[in-house]
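The lines below spell out each chain.
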Amino acid sequence: MIKQTKAVALALVAAAFASAPASADDRQSLVQIINAIEAGWESGDGTPFLNHFLDFPGARYIESGGQNEGLDDLVTHHVEPEKDALEYLKLDISKIETHIEGDFAWAITDVRVQAKIRDGGREIDRTGYGTWLFRRLDGQWKVIHTHSSSRAPRKSNPDHTHKH
């Protein structure tokens with residue numbers, strides 16, 4: 001009886017984690033979502049965020065030491081206001097590496113941010129990485145968390161040598 005109960009429990013656990021296998025369409029969907037979000041950032045349009053992010057209590061989106069709590073905070077206090085605060089914003093999300101396990105997925109990306117602030121004219125040029133977490137709900141992938149970290153590119157100094 002105990003062996004049978006353990007077998008049933010293991011079968012239930014396996015069934016809970018089993019779902020449709022990852023397909024090329026799933027991977028393409030994740031890339032398309034990231035590309036849509038990239039375009040939304042650049043244009044200051046919150047629509048792709050509202051379409052592709054899962055809005056839930058406790059959602060947090062992290063960027064270079066700052067965070068937005070909830071989808072509304074991200075869109076209305078970060079994405080949309082940047083359109084007016086920046087002369088331009090060029091976001092390059094590249095080298096998108098996706099991983100899918102059942103109804104959970106994540107992507108790791110390279111990120112480059114170039115912008116010019118209207119007030120004062122300061123220019124920004126930063127590179128780094130992004131992590132995206134996704135969940136499939138009713139057949140649709142939704143972003144559930146993002147974390148982006150960037151810094152000014154390192155400048156090499158040809159006159160400087162390291163001695164070990």
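Reading guide: rules and limits
Residues numbered from 1 in each chain as written. Predicted model: local features only at pLDDT ≥ 70, side-chain atom pairs only at ≥ 80, totals over all residues. Heavy atoms only, no water. Salt bridge = Lys/Arg side-chain N within 4 Å of Asp/Glu carboxyl O. Helix = DSSP H or I, 4+ residues; strand = E, 2+ residues; numbered from the N terminus. Buried < 20%, exposed > 50% of the residue type's maximum accessible area, 1.4 Å probe, protein only. Core = buried A, V, L, I, M, F, W, Y, C linked by side-chain atoms within 4.5 Å. Pairing = 2+ DSSP bridges.

## Some details on the pattern of salt bridges
A complete count under the given rule lists six salt bridges for this structure. The residue Asp26 makes a salt bridge to Arg136 at a minimum N-O spacing of 3.0 Å. Highlighted residues: Asp26 in helix H2 (residues 24–43) and Arg136 in strand E5 (residues 123–137), separated in sequence by 110 residues. In this pair, the class of Asp26 matches that of Arg136, namely buried.

## Concerning the nonpolar core
One finds Trp41, Phe49, Phe53, Leu74, Trp132 and Phe134 to be the most contacted residues of the largest nonpolar core, which totals 28 residues. Broken down by secondary-structure element, the contributors of at least two residues to this core are H2, helix H4 (71–85), strand E3 (86–101), strand E4 (104–117), E5 and strand E6 (140–151). Examining the composition of this core, we find that six residues originate from one element, E4, more than from any other.

## Focus on the pairing of strand E1 (residues 60–63)
Two strands pair when backbone bridges link them, and E1 and strand E2 (residues 66–69) are joined in this way by four bridges, in the antiparallel orientation. Across the sheet, the residue bridging to Tyr61 is Asn68, located in E2. Between E1 and E2, which pair antiparallel in sequence order, lie two residues; one of them, Ser64, sits at a positive phi of approximately 40°. Bridge count between E1 and E6: three bridges; the pairing is parallel. When the bridges of E6 are listed, Tyr61 appears paired with Thr146.

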